[in-house]
Each structure stands twice: as C-alpha cells, then as structure tokens.
Amino acid sequence: MSLTKRVATLGPSTDRLAEEDFYKLLDLVDGVRINLAHASPGEVERRINAVRAYERERGRPLAVLVDLKGPSVRVGKTPPVAVEVGQHVVFKLGDRSDGSYIPVPTRALFQVVERGDTILMLDGKLKLRVVNAGVDFVEAVAESSGVVTSGKAVVVEGKDYDVSPPAEDDVEILDKISRLKDDIDYVSVSLAKNCKDVDAVRTLLNELGFESQIVVKIETRSAVRNLEELVYCGDYIVVARGDLGLHYGLDTLPIVQREIIYTSLSYGKPVAVATQLLDSMQNSPTPTRAEVNDVYTTASMGVDSLWLTNETANGSYPLAAALWLSKILEKVEYNIVKLPSPGDVRDRFAKGLVEMAHDIGAVILVYSMSGTLAKRIAKFRPLNVVHVGTPDVKTARILSLIWALQPAYIPANSYEDGLEKLIASRGSAPFVATYGIRGGVHLVKVMF
Ligand SMILES: Nc1ncnc2c1ncn2[C@@H]1O[C@H](COP(=O)(O)OP(=O)(O)O)[C@@H](O)[C@H]1O
Ligand SMILES: C=C(OP(=O)(O)O)C(=O)O
Ligand SMILES: [K+]
Ligand SMILES: [Mg+2]
C-alpha cells in the first residue's frame, strides 16, 4: 500500500472502458479528476454517479475533484486546423471560423500579445512566433507543427492574461452542476494569481452551497511569485506542470517544481504534482525509463498525490497508465527533506505520535470526526499507513487524497466508541491509537 496517493483524470478514454475495467482503474486510484474545460454538466454527472456506484460496491471512499477551466484563453469553434512548420497562421477575435483562421472569442489574447512574442498551444507542442498583432487579430509563423481543435488553450510565453478566476464559464458550469455539490470533494482553481482570486472562487462556491476543499493550481508566473500566500490560502496545492511548463522554460520547471513542493511541505499543506507523469503512455502500453524515474523521484520527496491527466483522460492505455503509476509507487523509498515545525500543542502531539509510532514500528489508528487530527498527523509524514475512522463519508473522501491516510467510514456515537470500533477492525498490534484531545486530555493507547 503506497503512502503517496493517486489521481486519474476522467475523460473520453475512461468513458470507453467496460465497467469491469473502469472498476479495475478505480481500484488503482484514491481520487478522480474531472476537467470542466472538457466536460458537459451531463458528463460530469454521469462520471460522478459511476464513481459513487463503485464506492458502494467496493465500500471504499474515493475523492471527486472537479477542475475549473479558469480564465484561460481558448480556441472557439473551428474544424481542426493542421499547422505545419513555417505556415502563416492568423488568429482572429471571434467565436467560430471555417478553419481558414483560428477563432479566439476572448479579447484577453489581443490585449497582451505583441510582435516577437511566442504563442504556445497543445501543452507547448505547437509553437508560433508573432509577426504582427492588432486589436482583434494576430499573425504568426509556426515554428513547429500540430493540429489545433476547438477548446484548446492559447498561451503567450512569459505573459499572464489580465483576467482572473472565476471565469464566466466557471460560474456557469458550477451553477449547472451545483445539484452535485455534495458529491464534489475538491474544486481546483486554474490560473489563480493570488489569494484574492482564490477567495473569489471560495465566495462563489459558498454562494452556490459547495463545501468543497479548494485546490490551488500553481501554473503561472504570478502564482509562483505569490507562492507562500497561495500555500497559505489553499487547502491543497498542485504543481500544474502543463501550463507551468508553458510559462517557464522546461529547463526551469524542475527548479520551480521543487520550490512549490518544499514550500508546501514546510507549511504542512497537502501538495500534488500533475501532468505528463507517464505522458508517452498516451500511445504506449509501457512508460519510458525517464518517466518511471520522474514518478519515483517526485514521490520520494513526499508529495501527497500524483495526478494522471491526458494519460487516462484521452490516452489509448488508461488502465495501463494507472497500473504503472501504482507499480512504481509500491517500490518508492522516501527521502523527505522538508517537514513543518510544529505550531501549537495539537501539532506537537501529532508530531510526537508520528515519531513514537515510527520508533516502535507501530501503525497509527486515529478516530477523527472532521479529519483535522488526521491531516495534522499526515503533515509530519508518517512512514507507515495511518488508519483513520470517521463517521462522515465526505471526510473519508477528502482524506483519501492525503499522505498515508487510509480512511474508513465508521459511524459511532462518541469518539471513545469510534476508536474502539476502529481498534477492533484494525487492531493487529503493534499500534498507537488516539482520538486526540477530549476534555483537555490527549489520550493515546499503545498496544504491542
Ligand atoms: N477530452 C478530454 N476530456 C477530459 N479531460 C481532458 C480532455 N482533453 C484534455 N483533457 C485534460 O485537460 C488538460 C489539458 O487540457 P487543457 O487544460 O484544456 O489544455 P489543452 O487541452 O489546451 O492542452 C489535461 O489535464 C487533460 O487531462
Ligand atoms: C493540471 C493542469 O491544468 P490543466 O491540465 O487543466 O491545464 C496543468 O496545467 O498541468
Ligand atoms: K483546466
Ligand atoms: Mg493548467
């Protein structure tokens, strides 16, 4: 059982799996991601229902994370536009085109782009140099090739658009899926620059009645500049390597990735790494040596979770990708170089518990109503599985994406009762068991 948690982005490829294979894929993850940039409300509902049906059958909580499109600039409606090296390409302000030019419905692109800029698309595979730019058009020359389809993101290298989340599309789709809010455990904010952006999304979610955790994707230069602030205001941090790799040169990406991981670990904030983990598996049943090593090395730093994106959303081998991620994680030797310093007495209790369990080679059992104590324990990076009993299934789902925590839904009418049930269900010695502080007393049961 890996301490590092696994997330698969759902999409057309997972939709095509027979139920048996879809369940095999879900057996290999701790949560699923639905990218609202590529899903209709109907698809969101169907995918969530399928995951909840799996949960009922397997009796195993899974986190559901929806990923906001964000204020990205995207191609409007167009037939696929095949772009060859050296080709002159025209972008025009507009909702749709016949394929003779690339339509972009939002002014934000034309406001920032200048002659000499580089436009990046398809996660950087398509690169175009701007030779002329106007208020509602851009002329560029392709320096690489690719096929541009509707909805693909358009990025100007090194520049952030002057727009902030929540985008109009975000408000619209969140409103349309708000009846599913109780089944949405995490909402990830794309292209946030600062905590003002995050708070704006939080306010919108509150207005719509969502109680979801907020995931902050670090994917722009502004976000990296405001990293500490964002680590503070987000419930979970993600190194979003897709867009990050467009806003920073790829040679800078490993440095930025480590800065985000170390800052999150130091503040005890859950952190994930997403995108291109096993990217070649979009078209291959096995990963490259470099990808296996990237997954191993990144996991060894102690991130809470790793996210498969295109590999499972629209790759040809979604199940194989999930299998390989698990196979690699099973073997990881952790080398965690950053840990938070304990804050208040509850932190010191949690830290002490982790150290004692480690010293006596015991498993930790925690009964945690809200999951707060369980998260406190996880941030000190126990190197053994932590079994968490909780009477709230939503807490169980949220904890599924946190380091080392194995949540179980255990209804109980008191902390004492809950802890006894957890011990009865898991109690192979040695273990340290606690429900934290009650009436001023921190109770720990140690069983050899
Ligand atoms: N058809 C799809 N269904 C679900 N998710 C998708 C689909 N296509 C791409 N994605 C997801 O969206 C992300 C990249 O797409 P996006 O952010 O829209 O940028 P772009 O598609 O322009 O590269 C990846 O995380 C990928 O997993
Ligand atoms: C996860 C990311 O965001 P998206 O794939 O939605 O662009 C990313 O950019 O890596
Ligand atoms: K997105
Ligand atoms: Mg992104």
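Within any chain, residue numbers begin from 1 and follow the written order of that chain's sequence. Here every chain gets a letter starting at A, and every ligand a number starting at 1, in the order they are written. Whole-chain, interface and lining totals are the exception, using all residues; otherwise, since this is a predicted model, local features are given only for residues with pLDDT of at least 70 and side-chain atom pairs are given and counted only at 80 or more. Excluding hydrogens and water, the side-chain figures rest on all heavy atoms present in the structure.

An unreviewed UniProt entry annotates the chain as Pyruvate kinase of Pyrobaculum islandicum. You can read under Sequence similarities (unreviewed entry) in the UniProt record for the chain the words "Belongs to the pyruvate kinase family." UniProt positions are given in the numbering used here, feature names are shortened, and annotations may be inferred rather than shown by experiment.

**Considering the overall build of the chain**
A count of helices and strands for the chain gives 17 helices and 21 strands. Here the C-alpha atoms of the chain give a radius of gyration of 23 Å, agreeing with the 22 Å that 2.2 N^0.38 yields for 448 residues. Across its three principal axes, the chain shows a C-alpha extent of roughly 70 × 45 × 45 Å. In this analysis, two residues are considered to be in contact whenever any of their non-hydrogen atoms come within 4.5 Å of each other. Considering only contacts in the chain between residues 6 or more positions apart, those separated by 24 or more positions represent 69%. The centroid of the 52 positive side-chain charges in the chain is displaced by 2 Å from the centroid of its 57 negative side-chain charges. Going along the chain from the N terminus, every DSSP run of H or I of four or more residues is numbered as a helix, and every run of E of two or more is numbered as a strand. For this measure, only C-alpha atoms enter the radius of gyration; the expected value for a globule follows 2.2 Å times N^0.38, where N is the number of residues. Neither His nor the chain ends is counted toward charge; the positive residues are Lys and Arg and the negative residues Asp and Glu. Charge placement uses NZ in Lys and CZ in Arg. For Asp and Glu, CG and CD serve respectively.

**Let's talk about the site of ligand 1**
Nearness here has a simple test: a residue counts as near a molecule or strand if at least one of its heavy atoms is within 4 Å of that partner. Asn-35, His-38, Arg-74, Lys-152 and Asn-314 are the nearest of the 15 residues found near ligand 1. In this structure, Lys-152 approaches ligand 1 through a side-chain N or O atom, which is 2.7 Å from an oxygen atom. Residues adjacent in sequence count toward polar contacts only when both atoms are side-chain atoms; beyond that, a polar contact is any pair of N or O atoms within 3.5 Å, and within protein one must be able to donate a hydrogen and the other to accept it. Contact between ligand 1 and Asn-310: an oxygen atom at 3.2 Å from a main-chain N or O atom of the residue. Shrake-Rupley sampling with a 1.4 Å probe provides the accessible areas, and residues are treated as covered by the protein chains on show and by no other component. Within the complex, 88% of the 540 Å² of free accessible area of ligand 1 lies under protein. For the shell around ligand 1, the secondary-structure elements that each account for two or more residues are β1 (5-10), β2 (31-35) and α12 (310-313). Each residue gets one label: Ala, Val, Leu, Ile, Met, Phe, Trp, Tyr, Cys and Pro are nonpolar, Asp, Glu, Lys and Arg are charged, and the others, such as Gly, are polar. Within the shell around ligand 1, the residues separate by chemical class into four nonpolar, seven polar and four charged. The split into domains, and so the bounds of each, comes from an automatic or database assignment of domains. Three or more residues apiece are contributed to the shell around ligand 1 by two domains, here domain 1 (5-71 + 164-329) and domain 2 (81-156).

**Quick notes on the state of the cysteines**
Working definition: a disulfide is two cysteine sulfur atoms within 2.5 Å of each other. What the rule picks out here adds up to one disulfide. Across a sulfur-sulfur distance of 2.2 Å, Cys-195 and Cys-233 are joined as a disulfide pair. Negative torsions about the S-S bond denote left-handed disulfides, and the value of about -90° found for Cys-195 with Cys-233 makes this one left-handed. You can see Cys-195 sitting in helix α6 (residues 195-207) and its partner Cys-233 sitting in helix α8 (residues 227-233), a full 38 residues away along the chain. Residue Cys-195 shares its accessibility class with Cys-233, and that shared class is buried. Residue burial is assigned from relative accessible area. The probe radius is 1.4 Å, only protein chains are included, and a residue is buried under 20% of its type maximum, exposed over 50%, and partly exposed in between.

**Here's the deal with the pairing of strand β17 (residues 363-367)**
Among the five residues that make up β17, four are buried, leaving the element largely enclosed by the rest of the structure. Paired strands are those between which DSSP finds at least two bridges. Pairing analysis gives four bridges linking β17 to strand β20 (residues 431-438), with the strands arranged parallel. Bridged to Leu-365 within β20 is Ala-433. Sheet analysis places β17 next to strand β18 (residues 386-390), joined by four bridges and oriented parallel. Bridge pairing in β18 places Ile-364 opposite Val-386. For the handedness criterion, the strands are oriented away from the viewer, and a crossover whose path from the first strand over the helix to the second runs clockwise is classed as right-handed. Where the polypeptide runs from β17 across helix α15 (residues 372-378) and back to β18, its parallel neighbour, the crossover connection is right-handed.

**Let's talk about the coordination of the magnesium ion (ligand 4)**
Atoms are scored as donors when they are N, O or S and lie within 2.8 Å of the metal, with 3.2 Å used for Na, K and Ca; no water is included, so coordination may look incomplete. Each protein donor to the magnesium ion (ligand 4) is listed here as Glu-219 (OE) and Asp-243 (OD); together their distances run 1.8 to 2.1 Å. Residue classification places Glu-219 among the buried residues on the basis of a relative accessible area of 2%. A residue is classified by how much of its surface remains accessible, and Asp-243, at 21% relative accessible area, is partly exposed.

**With respect to the nonpolar core**
Counting 71 residues, the largest nonpolar core has Leu-26, Ile-177, Ile-218 and Leu-306 as its most contacted members. Looking at this core element by element, the count peaks at six residues for helix α13 (residues 318-330). Every residue in contact with Ile-218, bar those within four places of it in the chain, is listed here: Ala-223, Val-224, Leu-227, Leu-230, Ile-237, Val-238, Val-239, Ala-240, Leu-244 and Ile-260. Ranked by size, the runner-up nonpolar core spans 36 residues in total, among them Leu-3, Tyr-236, Ala-374 and Leu-399. Remark: nonpolar core denotes a set of buried residues (Ala, Val, Leu, Ile, Met, Phe, Trp, Tyr, Cys) joined through side-chain atoms within 4.5 Å.

**So, the site of ligand 2**
Near ligand 2, the surroundings consist of Arg-33, Asn-35, Asp-67, Lys-217, Glu-219, Ala-240, Arg-241, Gly-242, Asp-243 and Thr-275. Between an oxygen atom of ligand 2 and a side-chain N or O atom of Lys-217, the distance comes to 3.0 Å. The fraction of the free accessible surface of ligand 2 (290 Å²) that becomes covered by protein chains is 85%. Those elements that place two or more of their residues in the shell around ligand 2 are β2 and α9 (241-247). Considering every element that reaches the shell around ligand 2, the biggest residue donor is α9, with three residues. For the shell around ligand 2, a count of residues per class yields one nonpolar, three polar and six charged.

**Section: the packing of helix α2 (residues 19-27) against α13**
Contact geometry of α2 with α13 gives a least axis separation of 9 Å together with a crossing angle of 25°. For the element pair α2 / α13, the angle class is roughly parallel. Of the two elements, α2 crosses α13, and the hand of that crossing is left-handed. Each of Asp-21, Lys-24 and Leu-25 in α2 lies in contact with α13, whose residues at this interface are Pro-318, Leu-319 and Ala-322. Broken down by class, the residue content of the contact of α2 with α13 amounts to four nonpolar, no polar and two charged. Inter-axis angles, ranging from 0 to 180 degrees, are taken between N-to-C directions of lines fitted to C-alpha atoms, where helices are fitted over the stretch in contact. Should an angle fall under 35 degrees it is called roughly parallel, over 145 degrees roughly antiparallel, and 65 to 115 degrees roughly perpendicular, with every other angle called oblique. Crossing handedness is read from the near helix: turned anticlockwise from the far helix by less than a right angle, it gives a left-handed crossing, and turned clockwise, a right-handed one.

**Thoughts on the UniProt feature "domain: Pyruvate kinase C-terminal" (unreviewed entry) in the chain**
Following the UniProt record, the feature "domain: Pyruvate kinase C-terminal" (unreviewed entry) maps to residues 350-423 here. Secondary structure content for residues 350-423 is 45% helix and 20% strand, while the C-alpha to C-alpha distance between its ends is 18 Å.

**Quick word on the confidence of the model for the chain**
As a per-residue quantity, pLDDT reports the predictor's confidence and falls between 0 and 100. Per-residue confidence for the chain gives a mean pLDDT of 96; residues scoring 70 or more make up 100%. Two numbers describe this predicted complex: its pTM, 0.95, and its ipTM, 0.90.

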